[in-house]
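Survey of secondary and tertiary structure
Here is what each chain is made of, one letter per residue.
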Amino acid sequence: MPYNYDDQNIFAKILRGEIPNETVLETDHTLAFRDIHPQAPVHVLVIPKGAYVCHDHFAAEASEAELVDFMRVTARICAMHGLSPGDGDDGFRVIANAGTHGVQEVPHYHLHILGGRPLGRMLEPA
Ligand code: 5GP
């Protein structure tokens, strides 16, 4: 898959410690931190530490260890913030924007986890 990773993107700088972040959880392969412009009471970004541009890049090329670690971190973030419907909580939304139509601002793969208020319908009408 012909992805060129730009190592000057803002999340690469966060991973290198060049820019501060409000870390929620860190593991060997994954970092979760608060979005600088939260769109909901809970707005956490989960990123792999590896150089992946967007969701399909990560899904296609990450190792099994990276994939599992990333997904487990998302579950822990939901549990930590009381978002899990399985625990009787009110739920959440995950969003992964990709490319131009997805309106991806930062070209390092990230999953938004949003919750803490009703989030409305999934998409605005076209
Ligand atoms: P995207 O549109 O790429 O899916 O989302 C990028 C997200 O990164 C936005 O929600 C934006 O607020 C967040 N963001 C951009 N720069 C920074 C930063 O320097 N620190 C943090 N914590 N979040 C950022």
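For the structure itself, consult the block above.
As a starting point, this report considers the structure included with it. (Residues numbered from 1 in each chain as written. Predicted model: local features only at pLDDT ≥ 70, side-chain atom pairs only at ≥ 80, totals over all residues. Heavy atoms only, no water.)

Secondary structure summary: the protein chain contains three helices and five strands in total. Mapped in sequence order, the helices and strands of the protein chain form the string α-β-β-β-α-α-β-β. In terms of C-alpha radius of gyration, the protein chain reaches 14 Å, essentially the compact-globule figure of 14 Å for 126 residues. Its C-alpha atoms give the protein chain principal-axis dimensions of about 40 × 40 × 30 Å. Per-residue burial for the protein chain yields a buried fraction of 37% across its 126 residues. Sequence-distant contacts in the protein chain: of pairs separated by 6 or more residues, those separated by 24 or more amount to 55%. Placing the 9 positive and 17 negative side-chain charges of the protein chain at their respective mean positions leaves the two points 5 Å apart. (Helix = DSSP H or I, 4+ residues; strand = E, 2+ residues; numbered from the N terminus. Rg over C-alpha atoms; globule rule 2.2 N^0.38 Å. Buried < 20%, exposed > 50% of the residue type's maximum accessible area, 1.4 Å probe, protein only. Contact = heavy atoms within 4.5 Å. Lys, Arg positive; Asp, Glu negative; His and termini not counted. Charge placed at Lys NZ, Arg CZ, Asp CG, Glu CD.)

Let us now look at the sheet that holds strand S4 (residues 92–95). An order of S1-S2-S3-S5-S4 is seen for the five strands of this open sheet, with the pairing classed as antiparallel. If you trace the sheet from one side to the other, it starts and ends with strand S1 (23–26) and S4, each paired once. In this sheet, neighbouring strand axes are inclined to one another by 20° on average, regardless of whether the strands run parallel or antiparallel. Both strand S2 (residues 30–34) and strand S3 (residues 42–48) contribute to a ladder of five bridges, which runs antiparallel. Along S3, the bridge assignment pairs Phe 33 with Leu 45. (Pairing = 2+ DSSP bridges. Axes fitted to C-alpha atoms, helices over the stretch in contact; angles between N-to-C directions.)

The next point concerns the packing of aromatic side chains. Tallying each qualifying case throughout the model produces five aromatic pairs. When the ring of Tyr 52 is compared with that of Phe 58, the centres are 5.2 Å apart and the planes differ by 70°; the resulting orientation is edge-to-face. This pair shows no difference in class: Tyr 52 is buried, exactly as Phe 58 is. (Phe/Tyr/Trp six-rings, centres within 6.5 Å; stacked < 30°, edge-to-face > 60°.)

Time to look at helix H3 (residues 64–80). In this model, H3 (17 residues) spans 24 Å end to end at C-alpha, consistent with the 24 Å of a helix rising 1.5 Å per residue. Where H3 is concerned, the buried positions are Glu 66, Asp 69, Phe 70, Val 73, Thr 74, Ile 77 and Cys 78. Buried-residue contacts for H3 involve S1, S2, S3, helix H2 (55–61), S4 and strand S5 (111–115). Remark: Gly 82 follows H3 within two positions and exhibits a positive phi of approximately 65°. (Expected span 1.5 Å × (residues − 1).)

The local shell around the ligand holds 16 residues, among which Asp 35, Asn 97, Glu 105, His 110 and His 112 are the closest. Contact between the ligand and Asp 35: an oxygen atom at 2.5 Å from a side-chain N or O atom of the residue. In this structure, Asn 97 approaches the ligand through a side-chain N or O atom, which is 2.8 Å from an oxygen atom. Protein coverage of the free-state accessible area of the ligand, which is 520 Å², stands at 88%. Applying the majority rule of atoms within 2 Å of the grid points places the ligand in the largest pocket. Elements that contribute at least two residues to the shell around the ligand include exactly helix H1 (10–15) and S2. Within the shell around the ligand, the residues separate by chemical class into eight nonpolar, five polar and three charged. (Near = heavy atom within 4 Å. Polar contact = N/O pair within 3.5 Å; in protein donor to acceptor, adjacent residues only side chain to side chain. Areas by Shrake-Rupley, 256 points an atom, 1.4 Å probe, with all protein chains shown as cover. 1 Å grid on protein atoms, 1.4 Å probe; cavity = no way out; pocket = protein on both sides within 12 Å on 5 of 7 lines; lining within 4 Å. Sits in = over half its atoms within 2 Å of the grid points. Nonpolar A, V, L, I, M, F, W, Y, C, P; charged D, E, K, R; others polar.)

On to unusual backbone geometry, then. The residue Val 103 is not glycine, and still its phi comes out positive at about 55°. By the secondary structure assignment, Val 103 is in the loop between S4 and S5.

Here we come to the environment of Leu 83. With respect to the helices and strands, Leu 83 occurs in the loop between H3 and S4. Residues contacting Leu 83, with those up to four places away along its chain left out, are Val 42, Cys 78, Asp 89, Asp 90, Gly 91, Phe 92, Ile 113, Gly 115 and Gly 116.

Another point: the environment of Ile 95. Relative to the assigned elements, Ile 95 resides in strand S4. With relative accessibility at 29%, the residue Ile 95 sits in the partly exposed group. Beyond its immediate chain neighbours, meaning those up to four positions away, Ile 95 contacts His 110, Leu 111, His 112 and Leu 114.

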